[in-house]
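Listed here are the chains, written in short residue letters.
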Amino acid sequence: MNTPHLPAASWDLLSFLESATNYVQGAGGALLVLMGTAGVIWGGVLLIKKLMASQQDQTSWVKIIALILIGGALMVGGFNLISSIAAGGKTTIEDLGGGMVLLGIGQLG
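Conventions we followed
Residues numbered from 1 in each chain as written. Predicted model: local features only at pLDDT ≥ 70, side-chain atom pairs only at ≥ 80, totals over all residues. Heavy atoms only, no water. Helix = DSSP H or I, 4+ residues; strand = E, 2+ residues; numbered from the N terminus. Buried < 20%, exposed > 50% of the residue type's maximum accessible area, 1.4 Å probe, protein only. Contact = heavy atoms within 4.5 Å. Areas by Shrake-Rupley, 256 points an atom, 1.4 Å probe, with all protein chains shown as cover. Patch = residues over 30% accessible without salt bridge, like charges linked within 9 Å, V, L, I, M, F, W, Y side chains within 5 Å. Salt bridge = Lys/Arg side-chain N within 4 Å of Asp/Glu carboxyl O. Axes fitted to C-alpha atoms, helices over the stretch in contact; angles between N-to-C directions. Parallel < 35°, antiparallel > 145°, perpendicular 65-115°, else oblique. Left-handed = near helix turned anticlockwise from the far one by under 90°. Nonpolar A, V, L, I, M, F, W, Y, C, P; charged D, E, K, R; others polar. Expected span 1.5 Å × (residues − 1). Bend = angle between axes of the 7 residues up to and from the residue. Polar contact = N/O pair within 3.5 Å; in protein donor to acceptor, adjacent residues only side chain to side chain.

Caption draft 1: View of the overall build of the chain. Tallying secondary structure elements over the chain gives 2 helices and 0 strands in all. When each of the 109 residues of the chain is scored for burial, the buried share is 13%. Within the chain, contacts between residues separated by at least 24 positions form 60% of all contacts whose residues are at least 6 apart in sequence. Entry remark: accessible area of the chain is about 9,000 Å², with carbon and sulfur atoms responsible for 70%.

Below, the structure written as structure tokens:
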């Protein structure tokens with residue numbers, strides 16, 4: 001039985017790790033989008049509650065705004081947003097580590 005339309009499956013370790021990486025990125029990105037959506041909804045609920053409540057509500061305006069802004073960023077950006085932030089951190093670490101510190105031997109001691 002010849003099946004020319006099926007792709008050839010690779011069973012080596014590298015293919016497995018690449019597939020696992022893609023799966024975890026997809027699942028993690030979906031989780032981040034879900035958490036971002038929950039943050040936006042909860043921030044909206046707290047906003048309406050704060051606006052409708054009298055002086056008893058102790059929720060901070062900073063917390064409400066942060067939930068809406070960060071939740072919205074995660075909801076729209078998901079894994080790509082977190083990956084971009086991490087890439088910026090990597091660049092900063094490489095820039096900081098790229099400089100050489102030269103110590104004069106005669107100055108020690």
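That shown, we press on.
Caption draft 2: Looking closely at a nonpolar patch on the surface. The grouping of Ile-48, Leu-51, Met-52, Trp-61, Ile-65, Leu-69 and Ile-70 at the surface amounts to a nonpolar patch, some 790 Å² of accessible area in total. Listed by contribution, the elements that provide at least two residues to the nonpolar patch are helix H1 (13-52) and helix H2 (61-98). The biggest single contributor to the nonpolar patch is H2, with 4 residues. Along the chain, Met-52 falls in helix H1. For Met-52, a relative accessible area of 69% translates into the label exposed.

Caption draft 3: Focus on the environment of Gln-25. Structurally, Gln-25 can be placed in helix H1. Accessibility expressed as a relative area gives 34% for Gln-25, which makes it partly exposed.

Caption draft 4: Representation of the packing of H1 against H2. One way to put it is that H1 packs onto H2 with a least axis distance of 7 Å and a crossing angle of 160 degrees. Relative to H2, the element H1 is oriented roughly antiparallel. Every pair of crossing elements has a handedness; the one defined by H1 and H2 is left-handed. Here the residues of the contact of H1 with H2 sort into 15 nonpolar, 10 polar and 2 charged.

Caption draft 5: Layout of H1. Its 40 residues place the ends of H1 58 Å apart at the C-alpha level, agreeing with the 58 Å of an ideal helix rising 1.5 Å per residue. As for H1, its buried residues are in contact with H2.

Caption draft 6: Molecular detail of the environment of Leu-47. Relative to the assigned elements, Leu-47 resides in helix H1. Residues Leu-47 and Trp-61, spaced 14 residues apart in sequence, show a C-alpha to C-alpha distance of 8.1 Å. The contact partners of Leu-47, leaving out residues within four places of it in the chain, are Trp-61, Ile-64 and Ile-68.

Caption draft 7: Highlighting the side chain of Lys-50. Checked against the element boundaries, Lys-50 lands in helix H1. For Lys-50, a relative accessible area of 18% translates into the label buried. Once residues within four sequence positions are removed from consideration, Lys-50 is found in contact with Asp-57, Thr-59, Trp-61 and Ile-64.

Caption draft 8: Seen up close, H2. In this model H2 runs just 41 Å from its N-terminal to its C-terminal C-alpha over 38 residues, more than 12% under the 56 Å that 1.5 Å per residue would give. The axis of H2 is deflected most strongly, by about 105 degrees, at Gly-77. Ile-64, Gly-71, Gly-72, Leu-74 and Gly-78 are the residues of H2 that are buried. Where H2 is buried, its residues meet H1. For H2, the side-chain oxygen to backbone nitrogen distance between the N-cap and Val-62 is 3.1 Å, and the N-cap itself is Ser-60.

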